[in-house]
Amino acid sequence: MSDRNSVYEHTELPSRARTAIASYAPPEKLLAEQLKRYADVQPRPADQEGDIEELDGVVFTHHFADAPGDQETVRWHYVEAGTGEPVVFLHGMPDSWFMWHHQMAALADSYRCIAVDLKGYGQSEKGRGDYRHAGVAEQLVALLDELGIGRFTLVAHDRGAVQGDHIAAAHPWRVAHYVRTEQHLHHFHPALSPHDELIAEAPWSGLMADTARFVVWAYGMAGARPVAEPDLRRIIQEFSYPGITHAVPRYSMNSTFHQEWIERRRDLIPRWRCPITLIQGHDSRTQPREFFTDADQYIPNAAGVEVRYVTAGHFWPMENPEEGNQVLRDALDARPSA
C-alpha cells in the first residue's frame with residue numbers, strides 16, 4: 001500500500017498527558033476572576049510605518065508592506081529589531097508578532113529579528129481571500145521577497161508552524177534552519193484539540209466576540225504558568241483590532257487539525273531538508289513531550305533533528321521568557337543560518 005493511501009492511526013495518549021487534559025478549559029469562576037483584572041484594557045491605536053517602541057531595553061520598529069496575493073496584494077504588518085542574519089518569527093493563536101518580543105530583544109545583538117502578524121491577525125490583512133495554510137505560506141514568502149530576504153532562519157509557534165511547515169517544504173534551500181514549536185508533528189490524538197471545531201464555529205457561536213475573554217480562556221486552557229500581567233494586557237490589545245474575530249476562523253473553515261496532520265506526514269515532512277530544531281514546552285498540555293522524543297525517526301531527510309524543552313507550557317515564549325530566550329539562542333547559535 002502506498003503512503004498516500006495509508007490509514008494514519010492516532011497515537012495513544014500517555015497517562016500523564018491524559019490526566020493533564022482532563023480539565024482542559026479553565027473553571028468559569030476562575031475565568032471570571034481573571035477577567036476582572038483586564039476589564040480596563042483599552043483598544044490600542046494602530047501603528048504607522050516607522051513607529052518605534054522600546055521593549056526589554058531594545059528598540060522595535062513597525063513596518064507595513066504590500067506583497068502579491070489574493071489576485072492583487074496582501075497588506076502585512078511586521079516588526080523588526082536588531083541586525084545580522086535574518087530570523088523570521090511566526091506566531092500562533094491568539095497572538096501576534098508581540099508573542100516573540102522577549103526573544104527578539106534577547107537576540108537583537110546578533111540577529112535581524114523580523115516578526116510578522118499572520119494574515120488575519122494583529123494589523124495585517126483581514127479581508128476575504130485565500131486562508132488555506134499552504135496559500136498563506138506562499139503569500140508570506142512573497143512578503144519576504146518584497147523585503148529582499150533570501151535565505152533565513154524560520155521560527156514558528158502553534159498555528160504559525162502550520163504555515164511554517166509549508167514554507168520549509170516548498171522552499172527547502174531557502175530555509176536555513178527551521179525552529180518549530182508547539183504544533184503536532186508525527187503523533188496526534190484528537191483529544192488534544194477540542195478547540196478545533198470551536199474556532200471554526202466562532203463567528204456563529206460568539207466564542208471570540210469578547211476578545212479579552214477569549215485570550216484569557218486560551219491562555220488558561222493551554223498554558224502551564226502565569227504570564228506577566230502587562231504582557232497579557234498587550235496580547236488582548238493585539239487580538240482586538242477590528243476584523244480579527246472574523247478572519248481567524250477562516251483558517252479552520254478550510255481545514256481541520258486532523259487533515260493538517262495527515263498532509264504534514266504524507267506530503268510536507270518528507271520534503272524538509274534544513275536542520276530542524278523542535279522547542280517544546282516541557283509541561284505543555286496540547287503537545288505532550290512524549291510525542292516528540294522520537295522525532296528524529298520521522299523527519300528522514302532533514303540535515304539534523306534535535307529536540308529542546310523549556311520549563312513551561314504551550315505559550316513558553318511568554319510563560320518563561322528568560323529560559324526560553326536562552327534555549328532559542330543556544331539553538332540558533334549551534335546552527336548558523338548563513
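Not measured: the values here are computed from a predicted model.

Student: Could you give an account of unusual backbone geometry, naming the residues involved and the relevant values?
Tutor: Residue Met93 is joined to Pro94 through a cis peptide bond whose omega torsion reads 10°. Residues other than glycine seldom take positive phi values, yet Asp56 does so here, at roughly 50°. Structurally, the position occupied by Asp56 is in the loop between strand S1 (52–55) and strand S2 (58–69). Since its relative accessible area comes to 47%, Asp56 is described here as partly exposed.

Student: Can you explain the pairing of strand S8 (residues 276–281)? Please cite residues and give values.
Tutor: Along S8, 6 of the 6 residues are buried, which leaves the element largely enclosed by surrounding structure. Burial along S8 is two-sided: Ile276, Leu278 and Gln280 and Thr277, Ile279 and Gly281, pointing in opposite directions, are all buried. With 6 bridges connecting them, S8 and strand S9 (residues 305–310) associate as parallel partners. Of the residues in S9, the one forming a bridge with Gly281 is Val310.

Student: I'd like to hear about the packing of aromatic side chains, residue by residue, with values.
Tutor: Geometrically, a pair of aromatic rings is defined through the distance of the ring centres and the angle of the planes. Considering all chains together, one arrives at 12 aromatic pairs under this definition. A ring pair is formed by Trp97 and Phe98, whose centres lie 5.7 Å apart and whose planes are at 90°; its orientation type is edge-to-face. For Trp97, a relative accessible area of 0% translates into the label buried. Seen from their ring centres, Phe214 and Phe239 are 5.5 Å apart, and the 25° between their planes marks the pair as stacked. Of the two residues, Phe214 is situated in helix H8 (residues 211–222) and Phe239 in the loop between helix H9 (229–238) and helix H10 (244–247); the sequence distance between them amounts to 25 residues. Through successive ring pairs, a cluster of aromatic residues spans Tyr8, Phe188 and Trp261. Its end group placed over the ring of Tyr131, Lys119 keeps NZ or CZ at 4.7 Å from the ring centre.

Conventions used here
Residues numbered from 1 in each chain as written. Predicted model: local features only at pLDDT ≥ 70, side-chain atom pairs only at ≥ 80, totals over all residues. Heavy atoms only, no water. Helix = DSSP H or I, 4+ residues; strand = E, 2+ residues; numbered from the N terminus. Buried < 20%, exposed > 50% of the residue type's maximum accessible area, 1.4 Å probe, protein only. Pairing = 2+ DSSP bridges. Phe/Tyr/Trp six-rings, centres within 6.5 Å; stacked < 30°, edge-to-face > 60°. Lys NZ or Arg CZ within 6 Å of the ring centre and 35° of its normal.

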